[in-house]
Amino acid sequence: MRKEEPGVSANLPWFSKNAVTLGAVAALSVGVLAACSGSNSSTTTSSGSTASASTAASAGSTQPITIGISLSLTGDFSADGLAFQQGYKLWAKDVNAAGGIMGRQVKLTILNDTSSPNQVVTNYNTLISADHVDLTFGPFSSLLTAPASAVAARNGYAFVEGAGGAPSVFDTTADEDDHNVFDASLPVADELMPFVNYIASLGSAADHKLTAAYPMANDPFADPPVQLAQQKLEALGVKTVYSNIFPEEVSSYTAPALAVTQHKPDIVVLGSTDVPTVQAFMKVFQQQHFTPKMFIAAAGPDQGAAFITAVGKGNATGMMVPDGWYGGYKNAESEKMVAEYIAQYGGSASDVNADVAEAYSVGQVVQQAIIATGGVNNAAIIKYLHSGVTLHTVQGNVLFNSLGENGAAAAFVFQWQDNGTAFNQVLPTSDPASVPILATKPAWASTAVG
């Protein structure tokens, strides 16, 4: 058990003094570019690696760099998909306004996968084999990233993404040189460790008879961090009163939410992928007059205005979520991106969905790789990203391990405070940027959760 950190106990009223988230394809383009003559397509060698079909892929070319992306513009992941689209387009806008990459403008082709694993495979096959894009960026969610990255791998493409950090995405059986997928964001399994460490800092959980519930949507993103948190918290003495995986369908959320209320746990750790999952649990909890003392969700509360609109400011207060970025992150590149986002879309820094930064980071990683390798040769980019180089993004440093996970990613926990008007970094408490955590979630507001 770790020693209690300074200033924790005073903010823990629930402890004693000593305890301290279209079958049809819609294509979108960023930047209206003049038609270019000549081919910029790629050909696949017999070994599956991609080679340039013309000088269009080499340094000195004036043809646009074409990037293919599949996003969930409709369906279950549409809120995240649309935010990712904003991030990708904002990055491309900035790049093109600055003269492009090595003098080449960037052109994005974005196809709608309707949140479907089958459609995402079709989309990347289309982008690579029919559209002959130079490069590919990843979709939203580990569920879609795993099959999408397999298509890219078969065609020798580097696959940089920002929302596919589940362990199932990374091929642990392949040789290091064959790993083509790179996640610029925080590895999923480690996301809740700051929260676990915080509970450890409070004193003996067993002595205080702390209980916890772990409802989890059946999703490769939602489950790993919650399962690891459960394992670690049980080792600290936190008693598990409920742990269950349920179908990732809105119609399936009410039953597990009701089951959790029957056990009245002190802590709820929700395996969620989006706002609707969290919203459904909050709605049931409110209706049943049950307020957990601490409520942390794997995803959803990080989605800025989309979350607040769904649940209401008062109800959002005290809600926590892990992430590697937030709108107020003290990073010069991040602050510039946030200012540009607000100028274009309105709102405040707290309203900026973390998906925007994840997508923007993908573009930054690839931009640095193109410059370093002198072009858009996918094999060269893969080798470069595996070289141990440290890259810089709006989310902070990126250093890929042998699997393609970002070993340099920082892990934080954020919380909605001040009646849902401020989204603050609260963990780790040792970080100078963290503000005091609201350790007991207030009772639900008089306004009903939507």
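It should be noted that the structure appears before, not after, this text.
K.L.:
Tell me about helix 10 (residues 332-345), residues and numbers included.
P.N.:
Along an α-helix, residues three or four apart share an orientation, since each turn contains 3.6 residues. Its 14 residues place the ends of helix 10 20 Å apart at the C-alpha level, agreeing with the 20 Å of an ideal helix rising 1.5 Å per residue. Within the sequence span of helix 10, burial applies to S334, M337, V338 and Y341. Considered in projection along helix 10, the buried side chains sweep an arc of 100° and stay on one side of the axis. Those residues of helix 10 that are exposed and aimed more than 90 degrees away from the buried face are A332 and A343.

K.L.:
Can you break down the packing of helix 6 (residues 254-263) against helix 7 (residues 275-287) residue by residue, with the values?
P.N.:
In contact at an axis separation of 9 Å, helix 6 and helix 7 are set at 45° when each is read in the N-to-C sense. By the angle between their axes, helix 6 is oblique relative to helix 7. Crossing hand, helix 6 versus helix 7: right-handed. Counted together, T254, P256, A257, L258, V260 and T261 of helix 6 and F281, V284 and F285 of helix 7 form the full contact between these two elements. Taken together, the residues that form the contact of helix 6 with helix 7 break down as seven nonpolar, two polar and no charged.

K.L.:
Explain the pairing of strand 17 (residues 422-427) to me, and be specific about the residues and the numbers.
P.N.:
Burial analysis of strand 17 places six of its six residues in the buried class, which makes it a mostly covered element. When strand 16 (residues 412-417) meets strand 17, the two strands line up antiparallel, connected through five bridges. Paired with F414 across the two strands is Q425, which belongs to strand 17.

K.L.:
Now, about the nonpolar core: what can you tell me, with residues and values included?
P.N.:
By size, the foremost hydrophobic cluster in this structure holds 100 residues, and its most contacted members are W91, F307 and L385. Residue contributions to this core peak at ten residues, all from helix 11 (residues 354-373). If we skip the residues at most four places from it in the chain, L385 touches V160, F182, V365, A369, L391 and F400. With 27 residues, the next largest nonpolar core counts F195, I199, L210 and M320 among its residues.

Cut-off values and rules
Residues numbered from 1 in each chain as written. Predicted model: local features only at pLDDT ≥ 70, side-chain atom pairs only at ≥ 80, totals over all residues. Heavy atoms only, no water. Helix = DSSP H or I, 4+ residues; strand = E, 2+ residues; numbered from the N terminus. Expected span 1.5 Å × (residues − 1). Buried < 20%, exposed > 50% of the residue type's maximum accessible area, 1.4 Å probe, protein only. Arc of directions from axis to C-beta. Axes fitted to C-alpha atoms, helices over the stretch in contact; angles between N-to-C directions. Parallel < 35°, antiparallel > 145°, perpendicular 65-115°, else oblique. Left-handed = near helix turned anticlockwise from the far one by under 90°. Contact = heavy atoms within 4.5 Å. Nonpolar A, V, L, I, M, F, W, Y, C, P; charged D, E, K, R; others polar. Pairing = 2+ DSSP bridges. Core = buried A, V, L, I, M, F, W, Y, C linked by side-chain atoms within 4.5 Å.

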